Each structure stands twice: as structure tokens, then as C-alpha cells.
Amino acid sequence: MKFNFGTLRAFVAGDRHAARVVPPSGFTAQLTLFASGAMAFLAVFALALSLASGRLAQRWGDELAGTATIRIVAPQDQLAQQTAAALQVLETTTGVARARALSDAEQQALLAPWFGQDLPLDTLPVPRLIEVVAASQGYDATGLRLRLAAEVPGAVLDDHGRWRAPLVSAAQRLRLLGWVAAALILAAVAAMVTLAANAALAANAQVVAVLRLVGATDGYIAQAFVRRFTLRALAGSCVGVVLGLAAVWLLPSGGDVPGILTGIGFQGIGWLVPLTLPIISAAVALLATAFAASRALRTLS
Amino acid sequence: MLRHNRCGEAGAGVIELENVAYSYGGGELLSDISVKLAPGSFHFLTGPSGAGKTTLLKLCYGALMPTAGYVRLFQTDVRSLERDDVALIRRRIGVVHQDVQFLDHLSVRDNVALPLTVSGRHAEAAGPDLTELLGWVGLTNRADAHPPELSGGERQRVALARAVIMSPDVVLADEPTGNIDWDMSQRLLTLLVELNRMGKTVLIATHDLGLIRAAKAQVQARVLRISNRRVQLAGADL
């Protein structure tokens, strides 16, 4: 079978007469519809996971890349002095947009999850924290470390790089995993449609024989099967995507809190991404059926 | 009485087999067959069951390829044709198969129109010619029935109508009267003779000698006999 532009045009234009020559086969029809619907449903979740992971990686990357923390570890009587010295260093450091020391209340709030609300901060040797926000062009971390070492001996610069990198990497891999899962689901659709088309062609060997007897070309015969399976995959995927989107929409949201479990879903234009699934499914089904029909018609004598 | 081994007429044939052999499963079913069907000729192909009549017919419409020799359909060597080209040539050859094959989910009308449908002539498939053709084979009142509802004779007539709806140059019929009574056989034969008078080349494979004798009373028919894997022109004793 030659699946050329003419065949594709005939397919899109449709030929209800060609479609009628293949008898309606209820079982494979229902099976193809169900399988493509279920696959589309799962693909919506895979895409939701992938897009959510992408957003998370972006958020972590952006937010943490622009901030740093300076920890002042010094005896209580020198803490205020060294903090002031560090802030002075930061004021004259190129690429630092702003810097401020965290108040006792803020530090207490940070420690509260581990030590409770009633922590007597003033009785403990808790280091003073300085929040540094970088300007868009960033700052020279190595140079700042050297200046702090010289002028503020108790200051330790933490640019979050040590723990930001693996988190961003994990989120990016999760995003990749989502895309791989979506691709595998489409591959499964292709395999399923190929099997169903092969079964349909084998079950309709008599029909193929009759069509050949009256002068039907392989392209004509294949077109009837290809059109049928493509439309089934399209219909099944549409239903699956609608149900998948509804399920994602109903998932509990975590609001602004960036989390994997509460962040799965689509945002903005991301809601349009799953709408491409039925078209992709139909295209996959078209190619899979054309391939299966081409092979089967070569072997059916 | 059997005469010579080269069968057919002078001049270009619509279907020509030259030194054709056909083997299957290691055994040779047909050997050194040379047959030429001239335009407008009427032939019978006879021989005992299993002699290879159906195989020879299939070679004549490109459903099988010879293992040796040449099969030319309308002066074109079938070996040089792509599958789709064979399909296009087949539209010029109407075939009435031994075990009549239909699409059971379609009506008689749609089955008869099937050759028009697969060749994209949808308008004609619903046109007056189809009604006229159904009338010709006496099945106007069965147009909306489905093949499983038909008797053996009706099925054969539907098959004949389907075979001729494209106005083919050649009509090949494989045991067309195999499952029907004598009266219906005569009716079918009359239709085939009528087609021949319209200029169609007709080749009927049958082991029904009574049918051959009846035909020879109506039309000048040649009788080819398959024996020992070869085809010979049968004599006047048939």
C-alpha cells in the first residue's frame, strides 16, 4: 500500500462508501475506544505531573538562585558588631540588591517547627542570620566570601547552591519522567491500535478477498480500516482527555505553596497542552493502522 | 477426441497464457499451458475435480502468478504489474467465483454496485443502470435483501450482475451452476450467452457437460479440457 498525499487527502475528505465496505465490528470498536480513552486519561496525568514538575523546578531555581544567607557565628557580645560589619560589607558589594538581618521573631519562627513557639532564643547561642537578595546581574560569591573572612571572621556565606542543585535536578528529572510516561502511553496506543487493526484485518480476510475480486486497490482497502481506527482513537481520546482534565481540575490545590502533591495540574496556557492529545492519538492510530494494514495486506493473498 | 496442445485463436488475445506452469507446495498443478482468449470468444474450461480449473481461472485474472511462463492480461505481462495495477486490470474482468463471495452486511444492490464503489463511481452505483441490471438478472424485488437471505440461484445471479456492472471485456465464471438446479443453470447460461453476444469474452470453468452441450446449441463455444496438468482443445464429441 502506498500511503501518499492523495491517500491522506482522501482520508481527510472522507469516503462514506469506502467506510461501509468493512462490516461494523462491535467488540474491537469498543476495545479501541476504551483503550484509547484510558490511555488519554493517563496521559493527561502524566502531562500534569510533567508540567507541575517543570513549574516547581523553575520556581525553586528562580527563587533560590537570587537569594543567599549569611550566618554570623560569634560570641553573644560580638554578635551585633559583626552583624553590622557584615551588613556594611554587603552594602558595598556589587550585585547585592539588598540585605537585612532577620529579627529575633523571624528567627524564632524559623526554628519553631523544630523547637516549638516558646523557644527562649536569647538564652541559646543561635547565630544571627542575614538575608541577602542579589541584583539581576548577581554578585561574586567567592569575592564576597574573601571580604567577609577578612572583615567579619564569624560570617559564613551560604548561597543555597549545595541543596538547591539536587532539588532543581530532581524536579527536572520528574518533568522528564512525565514526558517519557506520556510518550510511552502514546506508544502503547500505537501498539494497541496495531494489534486491533491486525485482528480486524485477519477477521475480515473474506471481506478483503471480495474487495480484491471486484478490483479494489490495497490503498482503498487500507483506507477503510485506517479511517475507522483513527476515528475510534480520536473519539476515545477526546473522552479520556475530558475526563482527565476534569479529574485534574478536581484535585485539591495547595494554593501558593510549591509542592509536588498539591501542585499537580495545569496553569494558564498549560490547560491547552492536553487538548493536543486526541490529535496526537489519532495521528498515532493513523500511522499504526496504515503500517499494520500495509503489512497485513501483503500477507493476505 | 483431443486435438492439439496450443489452444485459442490467431491475433492478440485479451487473456494470453504462454507456456504457463503453476506449482504449489512442491507439486506442479499446471504445466506448459498455452491459451489465448480472443475478444468476443466463448470458452468452456472443463476437466475432473481437482484438475486445476480454478487455479487456471485465477491465473487468468491475476489472483495467482505463474511459476513459469507468461500470463498477459490485455497485452500486459502480469509480472510487470504492481499489486494496484493488477487491481485496476481486474476491473476489466468480471469474475463469478465458485464459492460466491459477498459482503453479507450490505444489501444485494450494494453488493452488485461494489465494483463501482471501489472504483470511486458512487453516482453510478445509485443510478438507473443498476436497477436495470438487477432487472436483467431478475432480482429487482430482491434489491434490498442481504446475501444470507438469498437462494443459491439468486446468489449466482447477484454474482453475475456484480461481475458485469463495470461492463468488463471478459467474464470468467468458476462453476457458476455448481449449486443450482437445471432450470436456473439454463437461465444463467442464457445470461452469459447474451453477454457474449454483446461482445464480451466469456470463459466458464465447469464439469457440467450438459451445460456445455446446451451452450453449444446457442453459441459458438470452444471447449478446453485440463488433463494431466495440461490444457487441450476438446473435440466435437462434447
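In what follows, the accompanying structure is described. Position numbers for residues count from 1 along each chain, tracking the sequence in the order it is written. As a convention, the first chain written is A and the first ligand written is 1, with the rest following in written order. In keeping with the predicted nature of the model, local features appear solely for residues at pLDDT of at least 70, side-chain atom pairs appear and are counted solely at 80 or more, and the whole-chain, interface and lining totals rest on all residues. Side-chain figures throughout are based on the complete set of non-hydrogen atoms in the structure, without hydrogens or water.

This part takes up unusual backbone geometry. Only a minority of non-glycine residues have a phi that is not negative, and only a minority of peptide bonds are not trans. Residues and elements named next belong to chain B. Positive phi values are uncommon outside glycine, yet Phe74 reaches one of about 55°. Helix numbering and strand numbering both begin at the N terminus, where a helix is a DSSP run of H or I of at least 4 residues and a strand a DSSP run of E of at least 2. Secondary-structure assignment places Phe74 in the loop between β5 (68-73) and β6 (76-77). Even without glycine at this site, Asn228 takes up a positive phi of about 50°. Its location among the elements puts Asn228 in the loop between β10 (222-227) and β11 (230-233). Asn228 sits in the exposed class, given a relative accessible area of 67%. Only protein chains enter the accessibility calculation, which uses a 1.4 Å probe; a residue whose area is less than 20% of its type maximum is buried, one above 50% is exposed, and one in between is partly exposed.

Moving on, we come to the interface of chain A and chain B. Only heavy atoms enter the contact rule, under which two residues are in contact if any of them lie within 4.5 Å. Tallying the contact residues gives 24 residues for chain A and 21 residues for chain B. Buried surface at the junction of chain A and chain B, summed over both partners, amounts to about 2000 Å²; 60% is from carbon and sulfur atoms. Throughout this description, the term salt bridge denotes a Lys or Arg side-chain nitrogen within 4 Å of a carboxyl oxygen of Asp or Glu. In this structure, the connection of chain A to chain B is made through two salt bridges. Arg20 of chain A is the partner of Asp110 of chain B in a salt bridge, and the nearest nitrogen-oxygen pair spans 2.6 Å. Polar contact criterion, stated in full: a pair of N or O atoms within 3.5 Å, where within protein one must be able to donate a hydrogen and the other to accept it, and residues adjacent in sequence count only if both atoms are side-chain atoms. For the pair chain A and chain B, the interface holds eight residue pairs in polar contact (both at pLDDT 80 or more). It is helix α8 (residues 205-213) of chain A that contributes the most residues to the side of chain A that touches chain B, seven residues altogether. Once two parts are brought into contact, the accessible area they lose, counted with a 1.4 Å probe and summed over both, makes up the buried area.

Now for the sheet that holds strand β8 (residues 170-174) of chain B. Residue and element names in this part refer to chain B. Read from one edge of the open sheet, six strands run β7-β8-β9-β4-β10-β11, paired in mixed fashion. Two strands close off the open sheet at either side, each with one partner strand: β7 (93-96) and β11. The average angle at which neighbouring strand axes cross in this sheet is 20°, direction not considered. Two strands qualify as a pair provided DSSP detects at least 2 bridges between them. Here strand β4 (residues 42-46) pairs with strand β9 (residues 201-205) via four bridges, running parallel. Residue pairing across strands places Phe42 opposite Val202, the latter belonging to β9. Sheet contacts for helix α7 (residues 152-164): β7 and β8; angle to β7, the most-contacted strand, approximately 170°. Contacts from helix α8 (residues 182-197) reach β4, β8 and β9, with the element oriented near 135° to β4. Where helices are involved, their axes are fitted lines through C-alpha atoms of the stretch in contact, as for all axes, and angles between N-to-C directions lie from 0 to 180°.

Residues and elements named next belong to chain B. Among the secondary structure elements, Thr201 is positioned in strand β9. Overall, the relative accessible area of 1% leaves Thr201 in the buried class. In this structure, Thr201 is in contact with Val14, Leu37, Ala38, Pro39, Gly40, Ser41, Asp169, Val170 and Val171, ignoring residues within four places of it in sequence.

Residues and elements named next belong to chain A. Expected helix span is given by 1.5 Å per residue-to-residue step, counting one fewer step than there are residues. With 16 residues, helix α4 (residues 76-91) should reach 22 Å at 1.5 Å per residue; the first-to-last C-alpha distance of 23 Å fits that figure. Taken residue by residue, α4 has Leu79, Gln82, Thr83, Ala86, Val89 and Leu90 as its buried positions. Take α4 and look down its axis: the buried residues cluster within an arc of 125°, on one side only. Structural note: α4 exposes Asp77, Ala80, Gln81, Gln88 and Glu91 on the side pointing more than 90 degrees away from its buried face. At its buried positions, α4 is contacted by β1 (67-72), β2 (96-101), β3 (128-134), α6 (141-151) and β4 (155-158). Think of it as the arc spanned by the lines of direction from the helix axis to the C-beta atoms.

What helix α2 (residues 83-90) of chain B keeps buried is the set Val86, Ala87, Ile89 and Arg90 of chain B. Looking straight down α2 of chain B, one finds that the buried residues subtend no more than 165° of arc, so they occupy a single side. Turning to α2 of chain B, the residues buried within the fold contact α8 of chain A together with β5, β6 and β7 of chain B.

Time to look at the nonpolar core. Generally speaking, nonpolar side chains in soluble globular proteins are found buried as a group. All names here are of chain B. Phe42, Phe44, Val112, Leu160 and Leu189 are the most contacted members of the largest nonpolar core, which totals 44 residues. Residue assignment for this core shows that the elements contributing at least two residues are β4, α3 (108-112), α6 (128-136), α7, β8, α8, β9 and α9 (209-216). With seven residues, α8 is the largest single contributor of residues to this core. Nonpolar core, defined: a set of buried Ala, Val, Leu, Ile, Met, Phe, Trp, Tyr and Cys residues in which side-chain atoms within 4.5 Å join the residues together.

Residues and elements named next belong to chain A. Checked against the element boundaries, Ile280 lands in helix α11 (residues 277-299). Classification of Ile280 by relative accessible area gives partly exposed; the value is 33%. A sequence separation of 204 residues divides Ile280 from Gln76, and the C-alpha atoms of the two residues are 65 Å apart.

Residue and element names in this part refer to chain A. The four strands are arranged β2-β3-β1-β4 in an open sheet whose pairing can be described as antiparallel. Either end of the sheet is taken by a strand with one partner, and the two such strands are β2 and β4. Between one strand axis and the next, the sheet turns by 20° as a mean value, whatever way the strands run. With four bridges connecting them, β1 and β4 associate as antiparallel partners. Following the sheet pairing, Ile70 is matched in β4 by Leu157. Taken strand by strand, α4 contacts β1, β2, β3 and β4, and its axis lies near 10° from that of β3. Taken strand by strand, α6 contacts β1 and β4, and its axis lies near 170° from that of β4.

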